[in-house]
Amino acid sequence: MTPEPTSPLRRTRQVRDVVFVDGVRTPFGRAGEKGIYHGTRADDLVVKCIRELMRRNPALPAARIDEVAIAATTQSGDQGLTIGRTAALLAGLPQSVPGFAIDRMCAGAMTAVTTTAASIAFGAYDVVVAGGVEHMGHHPMGEGADPNPRFLAERLVDPAALNMGNTAENLHDRFPSITKARTDAYAVASQRKLAAAVAAGDIAPDLVPVATTAPGAGWELHTADEPPRPGTTLEDLAALRTPFRAHGRVTAGNSAGLNDGATAALLASADTAAELGLSVKMRLVAFAFAGVDPSVMGIGPIPATDKALTRAGLEICDIGLFEINEAFAVQVLSFLEHYGLDDQDPRVNRYGGAIAVGHPLAASGVRLMNQLARQFEQDPSVRYGLTTMCVGLGMGGTVIWENPHHLDFGKDA
């Protein structure tokens, strides 16, 4: 007797490996009228990234892209209107390629990656584009926001939680050993490391040149980040005011700036990458997000990393490279102190970080991934690395990646 065929819903579904194929970003600019992107639309920055991904990966038929997920914190104006879909159309992808918008504040691009990666692992997608954009010159942080009065009336959050600078000062209070001198020293090192990475040619390969124009200025081609201040000294930072608290510790010099920019990454299932001959720069091992007290939102990467390590069956000593978003120096140092790592641990932010290069909110997650992928290529002795960041209103996100250049890549996966 012939057995009845198994219902598709009853079949055992295997989780597929997800790989990071490629990632690009625009040069980051300073927000405001004097910034390089003041006259450039946010969605056009995303379009530049998508087109560059397609140019760099000619083996990928555009029609094979199953989704375009683009994050933005302020989803209005030139970074609204379901920007994942509009950017896909503007970039010339087939009309059959869908898209959507996503928001998890600073972890927007990171969440675009993890959300679509989970769908790849489940089998719903084979290839996706995921990234983020923030034009803080056109959309200042918090513009148009209307927090529910219950947050304060019912004491659901500390009023300080609605201002990121205040939460950083609160984190200093929680970690009194993290002094202003330490955060300033960390910030100077970030500038120095970025300058060294630029000089070594480690940053430029990820950048998409962007042409801009302004009244009376003509056309300019931007091929480098605008925010870095490579000559920054401790004396320079010591002279800066502390705008969030009298005699405080958080300054513009030991924090990320207000920036404009976009990022995009190409993700695929491992079998699809092999089928199409696409590169594999990293394999996604595990990811996690966690919530914390919003008044000390910078501590978010710690529980997120603990969760991700547990899910991966790893310990912090297994991580050979760290890309930690530098919203504030105190936030990075609290992470390092928690795990017993030195302030200048050579595994941490080898190319510098957001204090130097900038932090266009929802775009930054893919920048971290780009930099980790390049470091994996340079250092095949490292098997695992992670990208992590704090998130406004009290969250953290962490993604653990495996290096395909390591001798044990894929074993016990």
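Residues numbered from 1 in each chain as written. Predicted model: local features only at pLDDT ≥ 70, side-chain atom pairs only at ≥ 80, totals over all residues. Heavy atoms only, no water.

Per an unreviewed UniProt entry, the recorded name for the chain is Acetyl-CoA acyltransferase, and the organism is Paeniglutamicibacter cryotolerans. We quote the UniProt Sequence similarities (unreviewed entry) comment for the chain here in full: "Belongs to the thiolase-like superfamily. Thiolase family." (UniProt positions renumbered as here; feature names shortened; annotations may be inferred.)

Most of strand E1 (residues 18-25) sits inside the fold, with 8 of its 8 residues counted as buried. Looking at chain direction, E1 and strand E8 (residues 259-269) are connected through 7 bridges and run antiparallel. If you follow aspartate 22 over to E8, its bridge partner there is leucine 266. Here E1 runs beside strand E9 (residues 282-291); their pairing, made up of 2 bridges, is antiparallel. (Buried < 20%, exposed > 50% of the residue type's maximum accessible area, 1.4 Å probe, protein only. Helix = DSSP H or I, 4+ residues; strand = E, 2+ residues; numbered from the N terminus. Pairing = 2+ DSSP bridges.)

To continue, consider the UniProt feature "domain: Thiolase C-terminal" (unreviewed entry) in the chain. As recorded in UniProt, the feature "domain: Thiolase C-terminal" (unreviewed entry) lies at residues 280-402. The span residues 280-402 carries 33% helix and 26% strand; its end-to-end C-alpha distance comes to 11 Å.

Right, let's get into helix H6 (residues 180-199). Think of an α-helix as 3.6 residues a turn; residues three or four steps apart then line up on the same face. Its 20 residues give H6 an end-to-end C-alpha distance of 29 Å, which sits within 8% of 28 Å, the value for a rise of 1.5 Å per residue. Here H6 has its buried residues at Lys180, Thr183, Asp184, Tyr186, Ala187, Val188, Ala189, Ser190, Gln191, Lys193, Leu194 and Ala197. Buried-residue contacts for H6 involve helix H5 (164-174), helix H7 (234-238), helix H10 (329-338) and helix H11 (354-357). One or two positions beyond H6, positive phi appears at glycine 201, with a value near 80°. (Expected span 1.5 Å × (residues − 1). Contact = heavy atoms within 4.5 Å.)

Overall, the coordinates contain 4 aromatic pairs when judged by the stated rule. Residues phenylalanine 287 and phenylalanine 289 carry aromatic rings whose centres are separated by 6.3 Å and whose planes lie at 65° to one another, so their mutual orientation is edge-to-face. Of the residues examined, phenylalanine 287 reaches a relative accessible area of 26% and is grouped as partly exposed. Take phenylalanine 289: its relative accessible area is 16%, and that puts it in the buried class. Arranged with centres 6.3 Å apart and planes meeting at 70°, the rings of phenylalanine 322 and phenylalanine 335 form a pair that is edge-to-face. (Phe/Tyr/Trp six-rings, centres within 6.5 Å; stacked < 30°, edge-to-face > 60°.)

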